[in-house]
Structures are given as C-alpha cells and as structure tokens.
Amino acid sequence: MFFSSTRSSSFGRHLVLPFMVPTHTGTSVIRALLFGFTLMVIGATAPLAGAQKVELSVDVSKAGAKIDRNIFGQFAEHLGHGVYEGIWVGPDSKIPNTRGIRSDVVAALKAIRVPNVRWPGGCFADEYHWRKGIGAQRTATLNPNWGGVIEPNTFGTHEFLDFLDQIGADAYISVNVGSGTPQEAAEWLEYMTTAQPTTLAKERAANGHPAPYKVPYLGIGNESWDCGGNMTPDYYLSQMKIYSHFVRNFNPAQQDKQQMLKIAVGPGGDGPRWTEWTETVMKAYQHHSWSWDINGLSMHNYTVVRWPPSYASVGFGETEYSQILKSTLEMDGLIRKHSAIMDMYDPNKKVALVVDEWGGWYAPLPGSNPGFLVQQNSLRDAILAALNLNIFARHADRVRMANIAQMINVLQAMIMTDKEKMVLTPTYYVFKMYVPFQDATFVPVTFDAGQYTHDNITLPRVDAIAAKDTTGKLWLEITNLDPNQPVEIEASLAGITAKSAAGETLTAPQVDSVNTFDAPNLVAPKPASAKVQGGKLTLKLEPKSVTVVSVEQ
Ligand code: AHR
C-alpha cells in the first residue's frame, strides 16, 4: 500500500467529488456565430490527398474583448515533484540553479511568458502555515493530501517569490481558510507587502528582502466545498467576507491602479450544488458593502470522463482520444452556465471567472506514487490545451484568468524533470505557440467546423480563434481534431490587406505520442505551410494538429 489510512482517506475523497461529474453540453458542430466578411478565399496551394475543405472568415474590423494574458497562468502546488525537484533543488545541488531554483526550468518558463503562478495549492493551501516556510530554521511537517510525505518547508514565501522574479511572473497566493485564521493570513500579507518598519517587515528584511513584495492576486481558500473545509455556500460566504476585509495588501505600489485582486472560491461542476454556490456568492456580491469585495470567482474543471481518473495518459487509441476531447469541450457549457448566473448579479462583468484549475487528469503512471499525480503528456493533451484556451478566448469578457494544473511533474504539466534531466511536453509547446495571443484582442472567426466521428463520438473537425496582437498583427490558431484526415483551410480576411503568412504547427505520428528524456523532440512545432495570394490565406493542416499563423500586412 502506498497510502497510510489518512492518505488513502484523503485521496479517496477525490473519488466521489461531485465536481468531477462531467457536464453534457458538447456540440458536434461549432458555428462561431459572428460577423460578415468581405473576401472569399481561393485555394492557393495544391490540395492534400483526402483533405477536407473548411472555409473561415475573419473580420479584423469587428475586434472584441482583450484576451487577458492571465488565462495562460500556471499552478504550482506542493504535490509530488511539482515544487521539490521540479522547481527547487537547493543551492548545493549539482543541478545548475540560482539560489536553489533550477536554471533549466526557469529558462523554459521564461520562453512561454508565464503571466502568473498560483501557489501553494490546491488542497495543500488549506493546510499551509506560512511561518513554517520562512527564516533559517524551517519546520518539517506532513503533506496529508498528497502521499503523506514530509513537507520540509524549504520552499516557502521567499523562495516562491524569488522563483517568480526569475521567470517574470506575478504571484497568485491562496491563503489558508480551511485550517488557518484570518489573523494568520492577514499577518502573511503584512509580512510580504508592508513598506513600513513593522516587526513583520523587519523580519522579512532580516530574511533577505527589505523591499515589500507585490501580491497582485489573492485566492481566498481553495475548494472550500471539499478539501478546503467542507463548507456550505453560506458558511464559506461568511468566512470569505472576513478574509476579504482583513487580509490587506499594504504595498504602496498596490494602493491605486495595481490593487490586489481577490478571488473567491467558486464552483467545481455544473449541477445544482455548483449553481447554488455561484448564486450564493454572486448574490451577496451584488449588495456588497465598502468593507468587503471580490474581483474574481474561481472555477475548477478537470477533463477526466470518470472518477477515479482511469484513462491512460499514454498507450491509448482513437476511442480514448475522442472521448477525452469530447469531454474537454464541455468546458464551454460550464463557463456559459456560471457566466449566466454571474451576469444576473454582475451585468458589467466586474468579477472575472477564474478557471484556476483545469486540464486532463488521468490514471497515475504505473509504478509512480498515486498521491503524486504523475501522468504522461501526449499530443492529445496539446489538442486538449488548445481547445480550452480557445474556449477561454471566446469568453474573454468574463474569463480573465486561468491556471492549468499543474506546471511541473504533476497532472497536465508543461515540464517533466528527473534529477538533472528535463523534457518539455506537447502542452508546453501549445503555450509557447499561443504567446502572441497574450493580451491580444479577440477577432471573430466564422466557420462551419464540419464533423469527425469515431466510435459514435462526434466532434467538430476543426476549431479556430483569431486575434490582433498589441502591434496590430493578425494571428490565427486552427486545430484539426480529426486524427486521420488533413484539412485545407481557406480563410477570407476582412479589414486588412494580407501580404504573407507564416507559422508553426504541432503534430506527431500518434495521438498518444509523447516526448521523453530519450526522445525529447517527437512532439515539437515545425514550420506550417501557409500562403497568402490575392489577400487570401490558405493553410494545410495535418491530422491531429495545432497550428498558429501570423498574417503580415
Ligand atoms: O490539482 C490537484 C488537486 O485538485 C488540487 O489540490 C485540488 O484543488 C483539486 O481537487
């Protein structure tokens, strides 16, 4: 047995969570209902054998909401080798590091411009006591949620914020509501953010950081309906108001424009339990007083199909590929459902829907500690990531932050490490290809996606988004979900005079192809075949591929 009784009961709780029940909102055809177009496209390249034709129309003059770069956020929990070994190797390690933080991981994360990192959990956050993770003497405790292993607390507040400084990301700190107190959380924020010479600020300075830290995002609890304290919506609401009031950010630079945004715990599914939760928090928000406020409502939604997670992360076939993608598309319906409730109480969309845990959750890799949530990351995950990022982009007016679970070595990771070795996953490459979409302006794309059917599972054949970056350049992302048929895209581009196009595509021999330490480049981007003729864009998509192109004017 891997688990002690505590561990197994903790993990067992994960087997029955209502938030794990899949929603049923998938559609087989996506018609992005949007606007007109002025140019029709003529194929400018030789047809691919057996290729399906899909016409897109893009109208740059109808640009919409900003795609907040925070939707490309990451999540780093004290779980398995997510932090220890994944980020932290210690200053005395032979693995190249800066103040204990591994250099290869920092370089890789800088390249995907991580906007924010959520920390220290997850379920771990509601058992985390920050004082154990500061100063010369750290307190070793236990991590009952995740394998019952010893938590050395060598990676604490200063190490996390140093890591963020090294990768250039913002802090999204989740405070302990489940087993902590408002006083403990308030003192943590004072310790981190005050510029005045309080005893806590002096302690921070003595620990190596005289200047106040910035904390742009504060999570008030995590899954307070479950591992965060099994609270009812009303009980959570009363706790949240207390934390919202007392857990203050004192950083002088965050008193005006850069005020810390507070994110309340939100739903974990689409059933009545979850709509009641959203309703309770948002109804209260509508009449909130000067003494409490929230700026975001969290939502968690994993792609799992059934619990306990039993789908293999590698060594699967087309049926499992289709089932997982079908399930992941349910994210759209879930966002619509909770956004509709939020719209009733917050029609001006002041409160963001923050999807701060999402991704594929599969069976633990054989031989791994099941409490460490180790899984492989395949081409299927790259496609899953693209589909979700596109859903977030389409809801850019409400979904302004998201955090994939989890950054390194856990669940749908960007990076995997094994001692001194590191490999970048297919999901990493999707995040890299999507960098131009960070803070870009959403541009409507109209298309008839067509259908791909396997084993009675019908999916849209393609998915697509477009956006205008901060320099005005147009970017398109097009995913071909069909694992067997290539697609020829013909895109009419209204509102710009297109001259040329270039881009990258990500595909691999099999739906379950993965990158390994021995073969790290099996799933890596390659140049895409895109052409512009007469102002019209044509593009060949390989089966099961994610493609991003930019259009030069
Ligand atoms: O990401 C793993 C766990 O999933 C998180 O700790 C928890 O919030 C969720 O149940």
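Our subject is the structure listed above.
Keep in mind it's a predicted model, so treat the numbers as computed, not measured. (Residues numbered from 1 in each chain as written. Predicted model: local features only at pLDDT ≥ 70, side-chain atom pairs only at ≥ 80, totals over all residues. Heavy atoms only, no water.)

A.B. asks: What is the right way to read the overall build of the chain from this model?
C.D. replies: Counting secondary structure elements, the chain contains 11 helices and 27 strands. Whereas a compact globule of 553 residues would reach a radius of gyration of roughly 24 Å, the chain reaches 23 Å, a difference of no more than 12%. Each principal axis of the C-alpha atoms in the chain carries an extent, and together these give about 70 × 50 × 45 Å. Split into buried and exposed, the 553 residues of the chain put 60% on the buried side. Of the contacts formed within the chain by residues at least 6 apart in sequence, a portion of 78% connects residues at least 24 apart. For the chain, the accessible surface area stands at approximately 20,400 Å², while carbon and sulfur atoms represent 53% of it. Averaged over its 47 positive side-chain charges, the chain has a centre that lies 4 Å from the centre of its 52 negative ones. (Helix = DSSP H or I, 4+ residues; strand = E, 2+ residues; numbered from the N terminus. Rg over C-alpha atoms; globule rule 2.2 N^0.38 Å. Buried < 20%, exposed > 50% of the residue type's maximum accessible area, 1.4 Å probe, protein only. Contact = heavy atoms within 4.5 Å. Areas by Shrake-Rupley, 256 points an atom, 1.4 Å probe, with all protein chains shown as cover. Lys, Arg positive; Asp, Glu negative; His and termini not counted. Charge placed at Lys NZ, Arg CZ, Asp CG, Glu CD.)

A.B. asks: I'm lost on the sheet that holds strand β24 (residues 526–527) in this one. Help?
C.D. replies: Note: strands within a sheet are paired through backbone hydrogen bonds, in either parallel or antiparallel orientation. Judged by pairing direction, the sheet is antiparallel, and its 6 strands sit side by side in the order β16-β20-β21-β27-β23-β24 without closing on themselves. Bordering the open sheet on either side are β16 (441–443) and β24, each of which pairs with just one other strand. Across 3 bridges, β16 lies against strand β20 (residues 462–468) in antiparallel orientation. Looking at β20, one finds that Phe 442 is bridged to Ala 467. The strands touched by helix α11 (residues 426–433) within the sheet are β23 (500–506) and β27 (545–552), with β23 carrying the most contacts at an inclination of about 160°. (Pairing = 2+ DSSP bridges. Axes fitted to C-alpha atoms, helices over the stretch in contact; angles between N-to-C directions.)

A.B. asks: Is there a simple way to explain the sheet that holds strand β12 (residues 352–360) in this structure?
C.D. replies: Strand order in this closed barrel of 8 strands is β2-β5-β8-β9-β10-β11-β12-β13, and the pairing throughout is parallel. Recorded for the sheet is a direction-independent mean angle of 25° between the axes of neighbouring strands. Where strand β2 (residues 73–75) lies against strand β5 (residues 116–119), 2 bridges are found, and the strand directions are parallel. Each bridged residue has a counterpart across the sheet, and for Phe 75 the counterpart in β5 is Arg 118.

A.B. asks: Sorry if this is basic, but what is going on with the site of the ligand here?
C.D. replies: Taken together, 14 residues surround the ligand, and among them Glu 77, Cys 123, Glu 223, Tyr 302 and Glu 357 come closest. Backbone polar atom of Cys 123 to an oxygen atom of the ligand: 2.9 Å apart, as the coordinates give it. Out of a free accessible area of 280 Å², the ligand has 100% covered by protein chains. Of the residues contributing to the shell around the ligand, the split by class is 7 nonpolar, 4 polar and 3 charged. (Near = heavy atom within 4 Å. Polar contact = N/O pair within 3.5 Å; in protein donor to acceptor, adjacent residues only side chain to side chain. Nonpolar A, V, L, I, M, F, W, Y, C, P; charged D, E, K, R; others polar.)

A.B. asks: What is the right way to read the packing of aromatic side chains from this model?
C.D. replies: Each aromatic ring pair is characterised by the separation of its centres together with the angle its planes make. This model, assessed by the stated rule, comprises 20 aromatic pairs. A ring pair is formed by Trp 119 and Phe 155, whose centres lie 6.2 Å apart and whose planes are at 75°; its orientation type is edge-to-face. Taken together, the residues Trp 119 in strand β5 and Phe 155 in the loop between β7 (149–151) and α3 (157–167) connect sequence positions 36 residues apart. We classify Trp 119 as buried; its relative accessible area is 0%. Aromatic side chains Trp 358 and Phe 431 sit 6.5 Å apart centroid to centroid with 15° between the ring planes, which places their arrangement in the stacked category. With Trp 358 in strand β12 and Phe 431 in helix α11, the pair connects residues that are 73 residues apart, well separated along the chain. Pairwise contacts between aromatic rings join Trp 88, Trp 119, Phe 124, Tyr 128, Trp 130, Phe 155, Phe 160, Trp 188 and Tyr 191 into one cluster. Above the plane of the ring of Phe 75 lies Arg 118, whose end atom (NZ or CZ) is 4.7 Å from the centre. (Phe/Tyr/Trp six-rings, centres within 6.5 Å; stacked < 30°, edge-to-face > 60°. Lys NZ or Arg CZ within 6 Å of the ring centre and 35° of its normal.)

A.B. asks: Whenever I open this one, the nonpolar core confuses me. Can you help?
C.D. replies: Side chains of a nonpolar character, in soluble globular proteins, are inclined to be buried together. Grouped together as the largest cluster of nonpolar side chains are 121 residues, with contacts concentrated most on Leu 109, Phe 160, Phe 163, Trp 358 and Phe 392. The element that contributes the greatest number of residues to this core is helix α10 (residues 379–394), accounting for 11 residues. In this view, Phe 160 contacts Val 117, Trp 119, Phe 155, Ala 171 and Ile 173; residues no more than four positions away in its chain are not counted. Core analysis: the second largest hydrophobic core is formed by 29 residues, Val 60, Ala 466, Ala 491 and Val 551 among them. (Core = buried A, V, L, I, M, F, W, Y, C linked by side-chain atoms within 4.5 Å.)

A.B. asks: I would appreciate a short explanation of the packing of helix α4 (residues 182–193) against helix α5 (residues 199–206) in the present structure.
C.D. replies: Helix packing geometry: the angle between the two helix axes and the distance between the axes. One way to put it is that α4 packs onto α5 with a least axis distance of 8 Å and a crossing angle of 55°. In terms of orientation, α4 lies oblique with respect to α5. Crossing handedness for the pair α4 and α5: right-handed. In this structure, α4 uses Glu 187, Glu 190, Tyr 191, Met 192 and Thr 193 to contact α5, whose residues at the interface are Leu 200, Glu 203 and Arg 204. Broken down by class, the residue content of the contact of α4 with α5 amounts to 3 nonpolar, 1 polar and 4 charged. (Parallel < 35°, antiparallel > 145°, perpendicular 65-115°, else oblique. Left-handed = near helix turned anticlockwise from the far one by under 90°.)

A.B. asks: I would appreciate a short explanation of the side chain of Asp 162 in the present structure.
C.D. replies: One can find Asp 162 in helix α3. Discounting residues that sit within four places of it in the chain, Asp 162 has contacts with Arg 99 and Ile 101.

A.B. asks: Would you explain the state of the cysteines in this entry?
C.D. replies: A covalent bond between the sulfur atoms of two cysteines is what we call a disulfide. Per the stated rule, a full pass over the model turns up 1 disulfide. Note that Cys 123 is cross-linked by a disulfide to Cys 227, the S-S spacing being 2.2 Å. Across the S-S bond of Cys 123 and Cys 227 the torsion is about -90°, and the bridge reads as left-handed. Of this pair, Cys 123 sits in the loop between β5 and β6 (141–143) while Cys 227 sits in the loop between β9 (217–220) and α6 (233–246), and the two are 104 residues apart along the sequence. Accessibility assignment for this pair places Cys 123 and Cys 227 in one class, buried. (Disulfide = S-S within 2.5 Å.)

A.B. asks: Sorry, what's going on with the pattern of salt bridges here?
C.D. replies: For side chains bearing opposite charge, pairing can occur when the charged atoms are close. According to the stated counting rule, one finds 18 salt bridges in the structure shown. Residue Arg 118 is joined to Glu 357 by a salt bridge in which the shortest nitrogen-to-oxygen separation is 2.9 Å. Here Arg 118, found in strand β5, pairs with Glu 357, found in strand β12; they are 239 residues apart in sequence, far enough to count as distant. Across this residue pair, the class does not change: Arg 118 and Glu 357 are buried. With its nearest N and O atoms 2.3 Å apart, the salt bridge here joins Arg 394 to Asp 463. With Arg 394 in helix α10 and Asp 463 in strand β20, this residue pair connects regions lying 69 residues apart in the sequence. Assessed through its relative accessible area of 1%, Asp 463 is described here as buried. (Salt bridge = Lys/Arg side-chain N within 4 Å of Asp/Glu carboxyl O.)

A.B. asks: When you look at α3 in this model, what are you seeing that I'm missing?
C.D. replies: Quick reminder: α-helices carry 3.6 residues per turn. Residues three or four places apart thus point the same way. Buried residues dominate α3, accounting for 10 of its 11 residues. Looking only at α3, the buried set comprises Thr 157, His 158, Glu 159, Phe 160, Leu 161, Asp 162, Phe 163, Leu 164, Gln 166 and Ile 167. Looking one or two places after α3, you find Gly 168, whose phi comes out positive at around 80°.

In short, the description is geometric, and any link to function would need to be established separately.
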